[in-house]
Amino acid sequence: AQSVTQPDIHITVSEGASLELRCNYSYGATPYLFWYVQSPGQGLQLLLKYFSGDTLVQGIKGFEAEFKRSQSSFNLRKPSVHWSDAAEYFCAVAPYNTDKLIFGTGTRLQVFP
Amino acid sequence: EAQVTQNPRYLITVTGKKLTVTCSQNMNHEYMSWYRQDPGLGLRQIYYSMNVEVTDKGDVPEGYKVSRKEKRNFPLILESPSPNQTSLYFCASSRTSTGGSYEQYFGPGTRLTVT
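Just so it is clear, the model here is predicted, and its values are computed rather than measured.

(A) Examining the overall build of chain A more closely. Each helix and strand counted, chain A has zero helices and twelve strands in total. Each helix and strand of chain A, ordered N terminal to C terminal, gives the series β-β-β-β-β-β-β-β-β-β-β-β. The globule rule puts the C-alpha radius of gyration for 113 residues at 13 Å, and the 13 Å found for chain A is close to it. Overall size of chain A, expressed as C-alpha extent along the three principal axes, is 45 × 30 × 20 Å. When the 113 residues of chain A are sorted by exposure, 47% land in the buried category. Intrachain contacts of chain A at a sequence separation of at least 6 include 53% that bridge at least 24 residues. With 9 positive and 9 negative side-chain charges, chain A shows a spacing of 4 Å between the two charge centroids.

Right, here's the structure in full:
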């Protein structure tokens, strides 16, 4: 069965530091890959998505993610974190030929000044 | 403004009292879905709908019903709520494609507490 693993439940970084959130998926073929962010009390907002082509994708708010087929990973990165980035981040996959989204369990990001 | 709306945003109810959470989208999306979010479990799909009058079970459908009589609305019905349905619920919508490539837009969430 398809699954998504976010191994880090909680990450704390200092403002201005770089960030990498990990995401691994289990699927027989290349799925569609997404990162969503959930700010406190808010719904989910799409940060970026990967369907095909260039394996480094740029998103909103200065985020990027790199698809690595050999590692079945789609890690989210940001070179310099801002306090407003504190939120919960969800990786999700959509198996090919479906509209279903399978979410990871999320990583909560805390940012210290 | 393109959006998905849910009502109510917060609800406290008692076991067994039927309730409905409404969801409406103004983007003419075919696909709509309900998720529940629980700590440590992420979001899990309850039901989804590919279009009007077409609905199907997701991963955790027990205790829930849905209907899709109009394209814009996709209400979630709890006929007899129980405490294990205490959760944060999200409605989402998107265009459909056979490749599943369209972004899902999420509502603001409904926090339900069943006592």
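After presenting the structure, the write-up continues.
(B) Region of interest: the packing of aromatic side chains. The tally for this structure, following the rule as stated, stands at 16 aromatic pairs over all chains. Geometrically, the ring pair formed by Tyr25(A) and Phe67(A) is stacked, given 6.3 Å between the ring centres and 25° between the ring planes. In this pair, Tyr25(A) is assigned in strand 4 (residues 24–26) and Phe67(A) in strand 8 (residues 64–68), connecting sequence segments 42 residues apart. Residue classification places Tyr25(A) among the buried residues on the basis of a relative accessible area of 8%. Centre to centre, the rings of Tyr36(A) and Phe103(A) are 5.9 Å apart; their planes meet at 50°, and the pair counts as tilted. Linking Tyr36(A) in strand 5 (residues 32–38) with Phe103(A) in strand 11 (residues 102–103), this pair joins segments that are 67 residues apart in sequence. Under the relative-accessibility criterion, Phe103(A) is labelled buried at 7%. Ring pairing ties together the aromatic residues Tyr32(A), Phe34(A), Tyr36(A), Phe51(A), Phe90(A), Phe103(A), Tyr35(B), Phe90(B) and Phe106(B), which thus form one cluster.

(C) Quick look at the interface of chain B and chain A. At the junction of the two partners, chain B supplies 25 residues and chain A supplies 23 residues. Both faces combined, the contact of chain B with chain A buries some 1,700 Å², and carbon together with sulfur accounts for 50% of it. Taken together, the connections running from chain B to chain A amount to one salt bridge. The closest approach of N and O atoms between Lys100(A) and Asp59(B), which form a salt bridge, is 2.9 Å.

(D) Fine view of unusual backbone geometry. In this chain, Asn7(B) is followed by Pro8(B) through a cis amide linkage whose omega measures -5°. Along the polypeptide, Pro8(B) turns up in the loop between strand 1 (4–7) and strand 2 (10–13). Of note, the phi angle at Lys61(A) is positive, near 60°, even though the residue is not glycine. Residue position: Lys61(A) is located in the loop between strand 7 (56–58) and strand 8. Phi at Ser72(A) is positive, roughly 50°, even though this residue is not glycine. Secondary-structure assignment places Ser72(A) in the loop between strand 8 and strand 9 (73–78). We classify Ser72(A) as partly exposed; its relative accessible area is 24%.

(E) Highlighting the sheet that holds strand 3 (residues 19–25) of chain B. Read across the open sheet, the four strands follow the order 1-3-8-7 (chain B); overall the sheet is antiparallel. Lying at the two open borders of the sheet, with one neighbouring strand each, are strand 1 and strand 7 (65–66) of chain B.

The rules behind each value
Residues numbered from 1 in each chain as written. Chains lettered and ligands numbered in written order. Predicted model: local features only at pLDDT ≥ 70, side-chain atom pairs only at ≥ 80, totals over all residues. Heavy atoms only, no water. Helix = DSSP H or I, 4+ residues; strand = E, 2+ residues; numbered from the N terminus. Rg over C-alpha atoms; globule rule 2.2 N^0.38 Å. Buried < 20%, exposed > 50% of the residue type's maximum accessible area, 1.4 Å probe, protein only. Contact = heavy atoms within 4.5 Å. Lys, Arg positive; Asp, Glu negative; His and termini not counted. Charge placed at Lys NZ, Arg CZ, Asp CG, Glu CD. Phe/Tyr/Trp six-rings, centres within 6.5 Å; stacked < 30°, edge-to-face > 60°. Buried area = accessible area lost by both parts, 1.4 Å probe. Salt bridge = Lys/Arg side-chain N within 4 Å of Asp/Glu carboxyl O. Pairing = 2+ DSSP bridges.

Shape is all these values report; function is a separate question.
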